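Residue-level structural notes
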Amino acid sequence: MNNLNQKQEDVSPLSIIKANQVQPKEVQWLWYPYIPYGKITLLQGDPGDGKSRFILTIAALLTQGLPLPFQEGPASCPITVLYQTTEDDMDDTVVPRFLAAGGNAERLCFIDEREKPLSFADPRIPQAVQQTGAKLLVLDPLSSYIGRDVSINMANDVRTQFNPLIQLAQTSGCAIVVVAHMNKMAGTKAIYRSSGSIDVVGAVRSSLLIARTGKERPDERIMVVQKSNLAPTGKGILFSAGETIQWISQVDKTADEVLSIACPAPHRPNEQFERARELLNELLADGPMPQSQIQEKVTQAGIGWGTAKKAKSDLGVTSFKSGAQWLWRLEESPPPTGQQVNKSTGIVTPP
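Structure report, in brief. Residues take numbers from 1 onward in each chain, read along the sequence in its written order. At least 70 in pLDDT is required for a residue's local features to be given in this predicted model, at least 80 for side-chain atom pairs to be given and counted, and no such filter applies to totals for whole chains, interfaces and linings, which use all residues. Hydrogen atoms and water are omitted, and side-chain values are computed over all heavy atoms in the structure.

Observations concerning the overall build of the chain
- A tally of regular secondary structure across the chain gives 11 helices and 16 strands.
- Counting the 351 residues in the chain, one finds 42% classified as buried.
- Contacts are residue-level and defined by heavy atoms, with any inter-residue pair within 4.5 Å sufficient. Sequence separation of 24 or more characterises 63% of the internal contacts of the chain that already satisfy a separation of 6 or more.
- Accessible area of the chain: about 19,800 Å², with a carbon and sulfur share of 49%. Strands here mean DSSP runs of E at least two residues long; helices mean DSSP runs of H or I at least four residues long; both are numbered from the N terminus. The cut-offs for exposure are 20% and 50% of the maximum accessible area for each residue type, with area from a 1.4 Å probe on protein chains only; residues under the lower value are buried, those over the upper are exposed, and the others partly exposed. Surface exposure here means Shrake-Rupley accessible area, sampled with a 1.4 Å probe, where a residue is shielded only by the protein chains that are shown.

A word on empty space enclosed by the protein
- Grid points spaced at 1 Å and placed over the protein atoms alone form the basis of the search, with a cavity being a set where a 1.4 Å probe fits but cannot get out and a pocket an open set showing protein on both sides within 12 Å along at least five of seven lines. Lining residues have an atom within 4 Å of a point. Grid points are joined across faces, edges and corners, and a volume is the space filled by probe spheres set on the points. Under the definition given, this model contains 1 cavity of 30 Å³ or more.
- As a volume, the largest cavity reaches approximately 30 Å³.
- In terms of lining residues, the largest cavity is bounded by Ser-52, Arg-53, Leu-56, Tyr-83, Asp-88, Thr-93, Val-94 and Arg-97.
- If you list the elements that add at least two residues to the lining of the largest cavity, you get α2 (51-64) and α3 (90-100).
- In terms of residue class, the lining of the largest cavity is built from 3 nonpolar, 2 polar and 3 charged. When residues are grouped by polarity, Ala, Val, Leu, Ile, Met, Phe, Trp, Tyr, Cys and Pro land in nonpolar, Asp, Glu, Lys and Arg in charged, and all others, Gly among them, in polar.

Some points on the layout of surface pockets
- Estimated volume of the largest pocket: approximately 420 Å³.
- Ranked by residue count, the leading element in the lining of the largest pocket is strand β1 (residues 29-31), at 3 residues.
- Split into classes, the residues belonging to the lining of the largest pocket amount to 13 nonpolar, 6 polar and 2 charged.

Quick word on the pairing of strand β13 (residues 318-322)
- Where β13 lies against strand β14 (residues 325-329), 5 bridges are found, and the strand directions are antiparallel. Each residue of the ladder has a partner; that of Thr-318, found in β14, is Arg-329.
- Two strands qualify as a pair provided that DSSP identifies no fewer than 2 bridges between them. Taken together, β13 and the strand that follows it, β14, pair antiparallel across an intervening segment of 2 residues, in which Gly-323 is found at a positive phi of about 65°.

Things to note about the pattern of salt bridges
- Whenever a carboxyl oxygen of Asp or Glu lies within 4 Å of a side-chain nitrogen of Lys or Arg, that contact is scored as a salt bridge. Considering all chains together, one arrives at 10 salt bridges under this definition.
- Between Arg-277 and Asp-314 there is a salt bridge; the shortest N-O distance is 2.2 Å. Taken as a pair, Arg-277 in helix α9 (residues 271-284) and Asp-314 in helix α11 (residues 305-315) lie far apart in primary sequence, 37 residues in all.
- Taking relative accessible area as the criterion, Arg-277 reaches 24% and is therefore assigned partly exposed.

Observations regarding the nonpolar core
- The definition of a nonpolar core used throughout is a set of buried Ala, Val, Leu, Ile, Met, Phe, Trp, Tyr and Cys residues joined through side-chain atoms within 4.5 Å. Ranked by internal contacts, the top residues of the largest apolar core, which has 33 residues, are Trp-31, Ile-35, Ile-55, Leu-136 and Met-223.
- With residues near it in sequence (within four places) discarded, Trp-31 still touches Phe-54, Ile-58, Leu-68, Pro-69, Gln-71, Met-223 and Ile-237.
- Formed by 29 residues, the second largest nonpolar core is a distinct cluster that contains Ile-111, Val-129, Leu-139 and Ala-180.

Observations regarding helix α6 (residues 155-172)
- Taking 1.5 Å as the rise per residue, α6 with 18 residues should run 26 Å; its terminal C-alpha atoms sit 26 Å apart, in good agreement.
- Within α6, the full set of buried residues consists of Val-158, Gln-161, Phe-162, Leu-165, Leu-168 and Ala-169.
- Tucked inside the fold, the buried residues of α6 contact β3 (40-45), α4 (124-132), β6 (136-140), α5 (142-145), β7 (175-181) and α7 (199-203).
- Once α6 ends, the next one or two residues include Gly-173, with phi positive near 75°. Expected helix span is given by 1.5 Å per residue-to-residue step, counting one fewer step than there are residues.

Notes on the packing of aromatic side chains
- Paired rings are identified among Phe, Tyr and Trp, the last through its six-membered ring, by centres lying within 6.5 Å, and are further divided according to the angle between planes into stacked (under 30 degrees), edge-to-face (over 60) and tilted (the rest). This model, assessed by the stated rule, comprises 8 aromatic pairs.
- Seen in terms of ring centroids, Trp-29 and Tyr-32 are 5.1 Å apart; in terms of plane orientation they differ by 85°. Their pairing is edge-to-face.
- With a centroid separation of 5.8 Å and 55° between ring planes, the pair formed by Phe-239 and Trp-247 is classed as tilted.
- Phe-239 gets classed as buried once you look at its relative accessible area, which sits at 0%.
- Every member of this aromatic cluster is reached through a ring pair, and the members are Trp-31, Tyr-34, Phe-54, Phe-239 and Trp-247.
- Positioned above the aromatic ring of Tyr-37, the side-chain terminus of Lys-135 is 5.6 Å from the ring centre. Only when the NZ of Lys or the CZ of Arg is both within 6 Å of the ring centre and within 35 degrees of the ring normal is a charge said to sit over the ring.

Some remarks on unusual backbone geometry
- Residue Pro-33 follows Tyr-32 across a cis peptide bond; omega there is -5°.
- Along the chain, Pro-33 turns up in the loop between β1 and β2 (35-36).
- Phi is positive for Phe-70, close to 60°, though the residue is something other than glycine.
- With respect to the helices, strands and loops of the structure, Phe-70 is situated in the loop between α2 and β4 (81-85).
- Taking the relative accessible area as the measure of exposure, Phe-70 reaches 36% and is therefore partly exposed.

Structural notes on the environment of Ser-76
- With respect to the helices and strands, the residue Ser-76 is situated in the loop between α2 and β4.
- Considered as a pair, Ser-76 and Leu-66 are 10 residues apart in the sequence and their alpha carbons are 7.1 Å apart.

A short note on α2
- When the terminal C-alpha atoms of α2 are compared, their 21 Å separation across 14 residues agrees well with the 20 Å that a helix rising 1.5 Å per residue should span.
- Counting buried residues along α2, 13 of its 14 residues qualify, which places the element largely inside the surrounding structure.

By themselves, these figures tell us nothing about what the structure is for.
Below is the structure:
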């Protein structure tokens, strides 16, 4: 009976909302069409490509009420920024960079994490947003703040952790920017370069991407929209990531186009493929070897059988049958002494 009562208590009462009870409103923007108010924005890039310096420079402009890069219309009033990072120290990196970008130090705030690290669901975050009146919250990087025991590759875990942050953005109207590293899947569409589950991108309303523009311009970067649910995709922004950020121009580039230049699809074999080539060369250097033995050696080396077969084809290794078993040999390796090879079938007959 107690279990039945408990189940009844756990069921929320049904509440129906009709469309005519909802007051439509326009999306407000911190920086149109890149960062909306009241929503979460993801800012991604490879390590060392200037993500943190970029968003810190944006924060500096906002605390002074200065126009954002290529922003149309009048500048807004100065706002307070709540900035959390586990990758850079406040005293020797964050604050000096912020001041170098012309920021107002009175309007840059931090939650003290020395005794206890923050996570998305930490109640100190909404408390700090309310207390400081912050209109921009930056969490850098995603992997540090999503939660210690959360699998970033599991969609259910990701959504559960993002929900408190989504609710905070909605209730406070604060713009939230989460900074993240991209994965190493070069050659794929930009949307799949996000770390962890695809639900990371699914949970946010805007996703921005920063990448290099080429080896010949080592300081030049480009910021483009990877995904936008609330506005047309805006133009990309070229900037220089030297000691301070210097804005260069706007360009018509998509995220996929940018990554095809910055991170082209690999045209050389990957590491496991190279290991498979080396292993086959070593195993077959002294002559043919039974396929069963090769498969055993490949498995012991932690190499996939499919990769081994690709390496076999790349090396020109051929298969031939001797008695009841199949053997592999390098093209330059002759068949065992006295045996004859049928060139059309590859079958070996004993002497």
